[in-house]
Amino acid sequence: MSFLRDGVVLRPIETDWFPGYVAQIFPDRVEQKPAMLLQIEGGPRSGHFVALTSRINISLATQFAENGLASSIVHFVRNTTESYTGNDQDLLPIAMAVVEVNNT
C-alpha cells in the first residue's frame, strides 16, 4: 500500500493544537522529538495531516537548509484536536521517506 507518492504536496502548517513534537516512548522514559506538521495536498488523502520527524541526528531544518532534502519518519496524525499529546494514540508512524523541498 502506498500512502504518499510522487506528485503529492506536503504543505507546512501551524495550528493551535500541534505543539511541534511527537512523543518518543522508551521503556524508562518519554522524550519529545521535534516534528514538523504538514497537510497533504492532492491524492486520496488530501486535507489530512502528517508529522515529520528526522530519521537521523540532524534536524529537519538543518537537512533542508543544507541539502534541500530530509530523511524523515512520516507519522499519520490521527488526533487533530486540542487533546493532542503526541503519543501513539494520536499518531501512527507509517513510513520512512526522503522529502524534498520545492519552493515553486
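Whatever comes next refers back to the structure up there.
All figures in this text were calculated on a predicted structure; none of them were measured in a lab.

Our next topic: the pairing of strand E4 (residues 36–41). Along any regular strand the residues' side chains alternate between the sheet's two faces. Inspection of the sheet shows strand E1 (residues 9–12) paired to E4 by four bridges, in the antiparallel sense. Residue pairing for E4: proline 12 is matched across the bridge by leucine 38. Relative to strand E5 (residues 49–54), E4 is paired through four bridges, and the arrangement is antiparallel. Bridge pairing in E5 links glutamine 39 to phenylalanine 49.

Overall, the coordinates contain four aromatic pairs when judged by the stated rule. Taking 6.0 Å as the distance between ring centres and 80 degrees as the angle between the ring planes, the aromatic pair formed by tryptophan 17 and phenylalanine 18 counts as edge-to-face. On the accessibility criterion, tryptophan 17 (12% relative accessible area) is buried. In this structure phenylalanine 18 comes out as buried when scored by relative accessible area, which is 11%. Over the ring of phenylalanine 26 we find arginine 29; its NZ or CZ atom is 4.1 Å from the centre of that ring.

Here we take up the sheet that holds E4. The sheet built from five strands is open, its strands ordered E1-E4-E5-E6-E7 with antiparallel pairing. Edge strands, defined here as strands with exactly one partner in the open sheet, are E1 and strand E7 (91–100). Averaged over all adjacent pairs, the angle separating strand axes in this sheet is 40 degrees, with direction ignored. As paired strands, strand E6 (residues 69–77) and E7 are joined by nine bridges and run antiparallel to one another. Opposite leucine 69, over in E7, you have glutamate 100 as the bridge partner.

Rules of the game
- Residues numbered from 1 in each chain as written.
- Predicted model: local features only at pLDDT ≥ 70, side-chain atom pairs only at ≥ 80, totals over all residues.
- Heavy atoms only, no water.
- Pairing = 2+ DSSP bridges.
- Helix = DSSP H or I, 4+ residues; strand = E, 2+ residues; numbered from the N terminus.
- Phe/Tyr/Trp six-rings, centres within 6.5 Å; stacked < 30°, edge-to-face > 60°.
- Buried < 20%, exposed > 50% of the residue type's maximum accessible area, 1.4 Å probe, protein only.
- Lys NZ or Arg CZ within 6 Å of the ring centre and 35° of its normal.
- Axes fitted to C-alpha atoms, helices over the stretch in contact; angles between N-to-C directions.

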